[in-house]
Amino acid sequence: MDIASILLGLALFILVGLFVFKPFITEVAPQKRLSAKQELIIRKEMLIDDLRALEFDHETGKMPDAMFAFQREALVKETAAVLKQIDSPDEQVDAGRVDSAIEAAIARAKKGKTAVSNKTFCAKCGKKVDSNDKFCTKCGHRQ
Ligand SMILES: [Zn+2]
């Protein structure tokens, strides 16, 4: 066997390898990359989470009023900027509308949290049951 046929075999081997692995190489890459809009939406979710946490800290007395007002304003401004970019990257958006959109998003997030952790007690045995449950997990009494 001479050098030329070894090289030819090697080239063929690489070509086949590329052909076989091409779908994996090309398909994985676009999935990992988020579009600018997806990144903005994730950023928005994070900001709303931060806002909710901030309000929770304030409501529970962990956060002084002055610091709360300052941090909240910064977060709301940033959220408004992100929402603007998601909504219409080129247009100017009415600030009042953005504000109410933020308030609504926070309210929705809050509602979601409380609905999940809303516990009541079984009328028969007194065990804690989730308000979404139809029956008690301990005694099976209908809620
Ligand atoms: Zn029960």
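Shown above is the structure to which this text applies.
The rules behind these values
- Residues numbered from 1 in each chain as written.
- Predicted model: local features only at pLDDT ≥ 70, side-chain atom pairs only at ≥ 80, totals over all residues.
- Helix = DSSP H or I, 4+ residues; strand = E, 2+ residues; numbered from the N terminus.
- Expected span 1.5 Å × (residues − 1).
- Buried ≥ 20, exposed ≤ 12 C-beta atoms within 10 Å, placed from the backbone.
- Axes fitted to C-alpha atoms, helices over the stretch in contact; angles between N-to-C directions.
- Parallel < 35°, antiparallel > 145°, perpendicular 65-115°, else oblique.
- Left-handed = near helix turned anticlockwise from the far one by under 90°.
- Contact = placed C-beta atoms within 7 Å.
- Core = buried A, V, L, I, M, F, W, Y, C linked by C-beta atoms within 7 Å.

A. The arrangement of helix α3 (residues 65-87) in detail. Along its 23 residues, α3 runs 32 Å from first to last C-alpha, staying within 8% of the 33 Å computed at 1.5 Å per residue. Within the span of α3, buried status applies to Thr-79, Val-82 and Leu-83.

B. Broad picture of the packing of helix α2 (residues 36-59) against α3. Between α2 and α3, the shortest axis-to-axis distance is 9 Å and the interhelical angle comes to 160 degrees. Regarding the angle of α2 to α3, the classification is roughly antiparallel. The crossing of α2 and α3 is left-handed. Contact residues: Lys-37, Leu-40, Ile-41, Arg-43, Lys-44, Leu-47, Ile-48, Asp-50, Leu-51, Leu-54 and His-58 in α2; Phe-68, Gln-71, Arg-72, Leu-75, Glu-78, Thr-79, Val-82, Leu-83, Gln-85 and Ile-86 in α3.

C. Highlighting the nonpolar core. Among the nonpolar cores identified, the biggest contains seven residues, and these are Leu-47, Ile-48, Leu-51, Leu-54, Val-82, Leu-83 and Ile-102. For this core, the element with the most residues is α2, which contributes four residues. Contacts of Val-82, omitting those with residues within four sequence positions, involve Leu-40, Arg-43, Lys-44 and Leu-47.

D. Looking closely at the environment of Glu-78. Following the sequence through the fold, Glu-78 ends up in helix α3. Note: C-alpha distance between Glu-78 and Lys-44 (34 residues apart in sequence) is 8.8 Å.

These results come straight from atomic positions and should not be treated as a statement about function.
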